[in-house]
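# Observations on the model geometry
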Amino acid sequence: AVVSTQSTGEIKPNKVEQSKTYDEGIAYPAKWLADQDWSTVAKATANDDGLVWFKLTFDKVHCIHGVTWWIDASTSQAKTCSATDCSKCEGDGCATPTEVSVFIE
């Protein structure tokens, strides 16, 4: 396992969920999304509503300034969050359309 270290300001979720686990003979569970292990990957597929999503839950309310996810070890996509949305994208992975929503339940 190649484990990354936690970056300054990075918060770890206490729960990770996904629409439906992608499984091609090997399951890719949601918990691998935030395990900081480069040898694991989480993949989701469409649920009964046709939606693909990941949901991260935190132990308390945080100010989210941005969300970064890695497509592979060298390709990332970073969404910068304002008070109203997280649509500004930076990184070589931005060609893949994604939406990030931050909210309080």
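Analysis parameters
Residues numbered from 1 in each chain as written. Predicted model: local features only at pLDDT ≥ 70, side-chain atom pairs only at ≥ 80, totals over all residues. Heavy atoms only, no water. Pairing = 2+ DSSP bridges. Helix = DSSP H or I, 4+ residues; strand = E, 2+ residues; numbered from the N terminus. Axes fitted to C-alpha atoms, helices over the stretch in contact; angles between N-to-C directions. Buried < 20%, exposed > 50% of the residue type's maximum accessible area, 1.4 Å probe, protein only. Contact = heavy atoms within 4.5 Å.

The next subject is the sheet that holds strand 4 (residues 76-80). The 3 strands are arranged 3-4-5 in an open sheet whose pairing can be described as antiparallel. The open sheet has two edge strands, strand 3 (66-70) and strand 5 (88-90), and neither has a second partner. With strand direction ignored, the average angle separating the axes of adjacent strands in the sheet is 20°. As defined by bridge partners, strand 4 adjoins strand 5 across 3 bridges and the pair is classed as antiparallel. Note on strand 5: the bridge partner recorded for A78 is E90.

Mapped onto the fold, S76 is located in strand 4. A residue is classified by how much of its surface remains accessible, and S76, at 15% relative accessible area, is buried. Once you skip the residues sitting within four places of it in the chain, S76 turns out to touch T68, W69, W70, I71, E90, G91, D92 and G93.

None of this, on its own, says anything about what the molecule does.
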